[in-house]
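Tertiary structure, described
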Amino acid sequence: MVTAKSLYEKLKNVRVVNPICEFTEERCESLMPTIQRIEDLKKERNAIVLAHNYVAPEILYGVADYTGDSYGLAKAALKSDAEVIVFAAVDFMSQTAKILNPEKEVLNPNTNGGCSLAESVQAGDVVRLRQKYPDYTFVCYINTTAEVKAECDVCVTSSNVYKIIENIENDNIYFLPDRLMGENVKSYLDEKGIKKNLKVYDGVCYVHEEYQPESIDLIRTSHPGTEVLVHPECSPSVVQKADFIGSTSMMLNRVAESNAEKFFLLTECGLTDVLRAEHPEKVFVGSCILCRYMKSNSLNDVLRVLESPRSQDTVEIPSETIDRAKRCIDQMFHYAEK
Ligand code: 13P
Ligand code: SF4
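The shown structure was predicted, so the numbers you read here are calculated from the model rather than taken from an experiment.

**Side note on helix H9 (residues 179–191)**
- Taking 1.5 Å per residue, 13 residues should reach 18 Å; H9 reaches 18 Å between its end C-alpha atoms and fits that length.
- Those residues of H9 not exposed but buried are Leu-180, Met-181, Gly-182, Asn-184, Val-185 and Leu-189.
- Each element contacted by the buried residues of H9 is listed here: strand E5 (137–141), helix H8 (161–167), strand E7 (172–176), strand E8 (197–200) and helix H11 (236–239).
- Downstream of H9 by a residue or two, Gly-193 has a phi angle that is positive, lying close to 70 degrees.

**Focus on the environment of Cys-269**
- Summarising the element assignment, Cys-269 is placed in the loop between strand E11 (262–266) and helix H13 (270–278).
- Its relative accessible area of 6% is what places Cys-269 among the buried residues.
- Spatially, the C-alpha atom of Cys-269 lies 27 Å from that of Val-106, the residues being 163 residues apart in sequence.
- Those residues within four positions of Cys-269 in sequence are excluded, and the remaining contacts are Cys-288, Ile-289 and Leu-290.

**Some thoughts on the site of ligand 2**
- Ligand 2 sits among Tyr-54, Cys-115, Ser-116, Leu-117, Asn-143, Cys-205, Tyr-206, Val-207, Glu-233, Cys-291 and Tyr-293.
- Looking at the shell around ligand 2 residue by residue, the classes come out as 8 nonpolar, 2 polar and 1 charged.

**Some thoughts on the packing of helix H2 (residues 25–45) against helix H14 (residues 299–307)**
- Relative orientation of the contacting elements H2 and H14 amounts to 30 degrees, with a least axis distance of 10 Å. Relative to H14, the element H2 is oriented roughly parallel. Regarding H2 and H14, the two cross each other, and that crossing is left-handed. Seen from H2, the contacting residues are Leu-31, Thr-34, Ile-35, Arg-37, Ile-38, Leu-41, Lys-42 and Arg-45; seen from H14, they are Leu-299, Asn-300, Val-302, Leu-303, Val-305, Leu-306 and Glu-307.
- Per-class residue counts for the contact of H2 with H14 are 9 nonpolar, 2 polar and 4 charged.

**Overview of the site of ligand 1**
- Around ligand 1 sit His-52, Tyr-54, Asp-69, Ser-70, Asn-143, Ser-158, His-208, His-231, Glu-233, Ser-247 and Thr-248, and that is every residue in its neighbourhood.
- Separating an oxygen atom of ligand 1 from a side-chain N or O atom of His-52 is a distance of 2.6 Å.
- Burial of ligand 1 by the surrounding chains reaches 95%, relative to a free accessible area of 310 Å².
- The class makeup of the residues in the shell around ligand 1 is 1 nonpolar, 8 polar and 2 charged.

**Here we look at the packing of helix H5 (residues 91–100) against helix H15 (residues 319–336)**
- At a closest axis distance of 9 Å, the pairing of H5 and H15 adopts a crossing angle of 95 degrees. In this view, H5 runs roughly perpendicular relative to H15, as classed from their interaxial angle. In contact with Thr-96, Lys-98, Ile-99 and Leu-100 of H5, H15 contributes Ile-322, Ala-325, Lys-326, Ile-329 and Phe-333.
- In terms of residue class, the contact of H5 with H15 is made up of 6 nonpolar, 1 polar and 2 charged.

**Points about the nonpolar core**
- If you look at the biggest cluster of nonpolar residues, it comprises 111 residues, and the most contacted ones within it are Phe-138, Ile-165, Phe-175 and Leu-176.
- Element by element, the count of residues in this core is highest for H15, at 8 residues.
- Discounting residues that sit within four places of it in the chain, Phe-175 has contacts with Val-139, Cys-140, Tyr-141, Val-156, Val-161, Ile-165, Met-181, Gly-182, Leu-198, Lys-199, Val-200 and Tyr-201.
- By size, the runner-up hydrophobic cluster in this structure holds 12 residues, among which are Val-230, Ala-242, Phe-264 and Val-285.

**Considerations on the state of the cysteines**
- The tally for this structure, following the rule as stated, stands at 1 disulfide.
- Through a disulfide, Cys-269 is tied to Cys-288; the S-S separation comes to 2.1 Å. Between Cys-269 and Cys-288 the disulfide shows an S-S torsion of about 105 degrees. By sign, it is right-handed. Remark: Cys-288 occurs in the loop between strand E12 (283–284) and H14 and Cys-269 occurs in the loop between E11 and H13; sequence separation between them is 19 residues.
- Given the relative accessible area of 29%, Cys-288 is considered partly exposed.

**Examining the packing of aromatic side chains**
- Taken as a whole, this structure holds 7 aromatic pairs when the rule is applied.
- On the basis of an interplanar angle of 25 degrees and a centroid distance of 5.7 Å, the ring pair of Phe-263 and Phe-284 is categorised as stacked. Pair noted here: Phe-263 is in strand E11 and Phe-284 is in strand E12, with a separation of 21 residues, a long-range link. Here the two residues Phe-263 and Phe-284 agree in accessibility, since each one is buried.
- Of the aromatic side chains, those joined through ring pairs into one cluster are Tyr-133, Tyr-136, Phe-138 and Tyr-174.

What counts, and where the lines are drawn
- Residues numbered from 1 in each chain as written.
- Chains lettered and ligands numbered in written order.
- Predicted model: local features only at pLDDT ≥ 70, side-chain atom pairs only at ≥ 80, totals over all residues.
- Heavy atoms only, no water.
- Helix = DSSP H or I, 4+ residues; strand = E, 2+ residues; numbered from the N terminus.
- Expected span 1.5 Å × (residues − 1).
- Buried < 20%, exposed > 50% of the residue type's maximum accessible area, 1.4 Å probe, protein only.
- Contact = heavy atoms within 4.5 Å.
- Near = heavy atom within 4 Å.
- Nonpolar A, V, L, I, M, F, W, Y, C, P; charged D, E, K, R; others polar.
- Axes fitted to C-alpha atoms, helices over the stretch in contact; angles between N-to-C directions.
- Parallel < 35°, antiparallel > 145°, perpendicular 65-115°, else oblique.
- Left-handed = near helix turned anticlockwise from the far one by under 90°.
- Polar contact = N/O pair within 3.5 Å; in protein donor to acceptor, adjacent residues only side chain to side chain.
- Areas by Shrake-Rupley, 256 points an atom, 1.4 Å probe, with all protein chains shown as cover.
- Core = buried A, V, L, I, M, F, W, Y, C linked by side-chain atoms within 4.5 Å.
- Disulfide = S-S within 2.5 Å.
- Phe/Tyr/Trp six-rings, centres within 6.5 Å; stacked < 30°, edge-to-face > 60°.

Rendered as C-alpha cells:
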C-alpha cells in the first residue's frame, strides 16, 4: 500500500519542468486522500488501473496496478480477471483494452485523449487505399482507432514493428499511419537486405517529429559518454544517431541494464520522470517534449470515473467493429510471440 512517505521517497528526484509538479512531502501528503479513495473503490468494484509510461508520476506510483508501453498494457488488459479496467493513457489504448475485453467495463478517465497519429487516418481512408492496393497486407500501428484497426490485417506496436513487418509473408505491405516509423522500418529492412515493397501513409506524432539530429550532436559534444535512446516515432535522421531504439518500456529496461551514467532520451517527458524516480544515481541530460494528450490524465479523473462515471467515460464500440479489430490485434500477438 502506498503511503505519503513511500510516495515522497519514490518521487522526490522527479523534476518536472513545471514547479507545481515537484513532489514535496506536503504534496505527497495532500494526494493521499484521493489515492486512498481510489484504492477503496478498486476493491469495491473489482477494478484495476492500467497506466501508460507517459502519464503523471502520481498515477503511475500512486494507484496503477500495471504500467508499461502499449504492447505490455494490451497484454495486461487481456490477462486481467478484474471486472472493471480504468485505462489512464489515450483513447486508442482504452479502445484496445475494450476490443480485447468486450464483456468488461472499460473506463477512460482522459477527457482529452486524442493522439496526433490516431487522428491522422480514418477507416474510409483505409477502405480507399485497399481498393487502390488490393495485393497489399495492411499493417496498422496500434496508435489508430478501433474502426481503422477493423479495416487492417495486422496491428503492430513500437516494440514489435520491425519484427512483425519482417516476418509477414507478403512482400507488398502498406503501413499506416506513422510515416517516420515506416521510413525507419524501410531503413531497417534495407540494412538487413530484405526486399519488401513498403508503402507508408503520411501521419506523424507531433511530439516525436520535433526532435532533430543536431540535438544529439550537441549532447555528445557537451556530455561525452552519454547514451542516446530514441523512440521509433522519431525521424530516420534522429534514429540513425541513436545508441538504442525501442518502445518506452524497452528504453526503461535499457537504462536499468546499462553501465552508462548519463542518458539522453528522445521521447515524451514522462519517461525521464519515471527514470529519475527509479535511478536517482543516474543523470538525464537534454530536454524533453510533453504530449498534451497523455498529460491530460489526472488522479482526480481516475477517481471520478470509478466513483460516478458519465456515459462518455465508458468505452463503447459496436460489436461488429470489435470482432474485426480483434482479428487485427490477434494477428499482432501471433507474429509478436512466435
Ligand atoms: P509505446 O508503445 O512505446 O509506449 O509508445 C506509445 C506512444 O504513444 C509513443 O508516443
Ligand atoms: Fe500520440 Fe505522440 Fe502523444 Fe504518443 S506522444 S500519444 S504518438 S501524440
